[in-house]
Amino acid sequence: MATSTVFRTRPSHPARRSPWRPARHPAGRPVNRVRRQLPISPWLFAAPGLLVTGAFILYPFTSTVINAFTDRRTLIPGRFVGLANFRELLHDDMFWTGLRNSALYVLGVVPALVILPLLLALLVQKNIPGITFFRSAFYTPVVASIVVVGLIWVWLLDERGLVNSLLETVGVGKVGFLSDQWLLLLSAMAVTVWKGLGYYMIIYLAALANVPRELHEAASVDGAGAVRRFLTVTVPAVRSTMVLVAALSSVAAFKVFSEVYLMAGPSGGPAGEDTTLVMLVQRTGTGLTGRVGYASAISLVVFVVTVVLMLLVLRADRREDS
């Protein structure tokens, strides 16, 4: 008698999907799932930058504005005094000395930092053997510490420094670079220009790379020389960059501190005649008995003047465009 064998099949169960694999359509196509984005998600990404900006820019600025109208000292909270600090500024001879030196610093440094880096960029723009070395050499002062740069120039310009030793050798005699009021200020300006040449040279190099060669070739065909091509082709092409350099250098020059402080000392040169506004802020607002409110008023004046300088530069640029 024949026997029949019955095979029983297990019911098919859907395969378990790995949590790392995307879900698939029954036909085999992947299913695109759009997750809902929380409204707070963009703020979470911006939170680190906002915290740094608030802690190191917005809070100090707001605190300075508030303290400018108080008589706060280092260890004393102070009280509201209105415009008393600003009225005192009008009768403070040291404030006017600092304002004069800061203004002279702008007048002496800005024209040099607008023109000299442009000429330097034209020089190093040419592709000749060894030009990379000179580009690096011109940019080296930019990355050097301002303290190191200031000390080097103090050693060079000291009465027993290298420069005075050379002047004595040729029979000129010693020059008081660090003891004369005006020579000290000019020496600090020279250090600022020397350190900023490489930085603004890079900005001009980027602008010169966008000047079409056809303009220079057309000017050469018309018989224009190197000087005329510079005035009629190069300068108009990089004029917007020159405005940018003028704005940046004017603000930096008006807020100068390190160069004058390192070369003139904390006292600001002979009888404090080389003190700048930022040095006055540092001298007035620091220490256990520092007048924080008065120093904040000076800082607010510095802020207003720098904003006015930038607006004047931008207005001059718009007038040239019109």
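Quick note: structure is the one above.
Summarised in this report is the structure supplied together with it. (Residues numbered from 1 in each chain as written. Predicted model: local features only at pLDDT ≥ 70, side-chain atom pairs only at ≥ 80, totals over all residues. Heavy atoms only, no water.)

**A short note on helix 1 (residues 41-67)**
Counted only if it meets this: Put simply, DSSP marks the helices as runs of H or I at least four residues long and the strands as runs of E at least two long, and each gets a number from the N terminus on. By this rule the span expected of a helix is its residue count minus one, scaled by 1.5 Å. Axes are fitted to the seven residues ending at a residue and to the seven starting at it; the angle between these axes is taken as the bend at that residue. Only protein chains enter the area calculation, which uses a 1.4 Å probe; residues under 20% of their type maximum are buried, those over 50% are exposed, and those in between are partly exposed.
Relative to the 39 Å expected for 27 residues at 1.5 Å per residue, helix 1 spans 36 Å between its end C-alpha atoms, a close match to the ideal helical length. At alanine 47, helix 1 is deflected by roughly 50 degrees, the largest bend along its length, and proline proline 48 occurs up to four residues later in sequence. Residues Ser41, Ser63 and Asn67 constitute the buried set of helix 1.

**Side note on the side chain of serine 249**
Spelled out, the test is: Any pair of N or O atoms that falls within 3.5 Å is considered a polar contact. Within protein, one atom must be able to donate a hydrogen and the other to accept it, and sequence-neighbouring residues count only if both atoms are side-chain atoms. Contact between two residues is taken to exist if any of their heavy atoms lie within 4.5 Å; hydrogens are not considered.
By secondary structure assignment, the location of serine 249 is in helix 10 (residues 239-254). Residue class for serine 249 comes out buried when judged on its relative accessible area of 1%. A polar contact of 2.7 Å, which involves the side chain of serine 249, links it to the backbone oxygen of valine 245. For serine 249, the residues in contact, after removing those within four places along its chain, are Val110, Leu113 and Tyr200.

**Concerning the packing of aromatic side chains**
The way to describe two aromatic rings as a pair is by their centre distance and the angle between their planes. Counted only if it meets this: Here is the rule: rings of Phe, Tyr and Trp (six-membered ring for Trp) pair when centre to centre is within 6.5 Å. Planes less than 30 degrees apart are stacked, more than 60 are edge-to-face, and the remainder are tilted.
Under the counting rule described, the total for this entry stands at seven aromatic pairs. Plain terms: the ring middles of phenylalanine 69 and phenylalanine 86 are 5.5 Å apart, the flat faces sit at 50 degrees to each other, and that makes the pair tilted. Highlighted residues: phenylalanine 69 in the loop between helix 1 and helix 2 (84-90) and phenylalanine 86 in helix 2, separated in sequence by 17 residues. Between tyrosine 199 and tyrosine 200 the ring centres are 5.1 Å apart and the planes differ by 80 degrees, which places this aromatic pair in the edge-to-face class. We classify tyrosine 199 as partly exposed; its relative accessible area is 39%.

**Focus on the nonpolar core**
To keep things clear, this is the line we draw: Residues enter a nonpolar core if they are buried and are Ala, Val, Leu, Ile, Met, Phe, Trp, Tyr or Cys, with the set joined through side-chain atoms within 4.5 Å.
Ranked by size, the top nonpolar core spans 59 residues in total, and within it Leu89 and Tyr105 carry the most contacts. Of all the secondary-structure elements, those providing two or more residues to this core are helix 2, helix 3 (93-124), helix 5 (146-157), helix 7 (181-208), helix 10, helix 11 (258-264), helix 12 (277-285) and helix 13 (292-321). Residue contributions to this core peak at 13 residues, all from helix 7. When neighbours within four sequence positions are excluded, leucine 89 is seen to be in contact with Phe95, Trp96, Tyr294, Ala297, Ile298 and Val301.

**Let's talk about a nonpolar patch on the surface**
Short version of the rule: Excluding any residue in a salt bridge, patches collect residues exceeding 30% relative accessible area, merging like charges within 9 Å and nonpolar Val, Leu, Ile, Met, Phe, Trp and Tyr side chains within 5 Å. In these tables, accessible area is a Shrake-Rupley quantity obtained with a 1.4 Å probe, and a residue counts as shielded only by the protein chains included in the view. Just to be clear on terms, a salt bridge is a Lys or Arg side-chain nitrogen sitting within 4 Å of an Asp or Glu carboxyl oxygen.
On the surface, a nonpolar cluster with roughly 680 Å² of combined accessible area is contributed by Phe61, Phe303, Val304, Val307, Val308, Leu311, Leu312 and Leu314. Here leucine 314 is to be found in helix 13. Its relative accessible area of 40% is what places leucine 314 among the partly exposed residues.

**Some thoughts on unusual backbone geometry**
Positive phi, close to 60 degrees, is recorded for alanine 271, a residue that is not glycine. Mapped onto the elements of the fold, alanine 271 is located in the loop between helix 11 and helix 12. Here alanine 271 falls in the exposed class, since its relative accessible area comes to 72%.

**Section: helix 9 (residues 226-237)**
Defined as follows: Note: the arc covers the axis-to-C-beta directions of the helix.
Helix length check: helix 9, at twelve residues, gives a terminal C-alpha distance of 15 Å against a target of 16 Å (1.5 Å per residue), a fit within 8%. Every buried residue of helix 9 is listed here: Phe230, Val233 and Thr234. Along the axis of helix 9, the buried residues cluster in a sector spanning 120 degrees; they form a single face. Turned more than 90 degrees off the buried face of helix 9, the exposed positions are Arg228 and Leu231.

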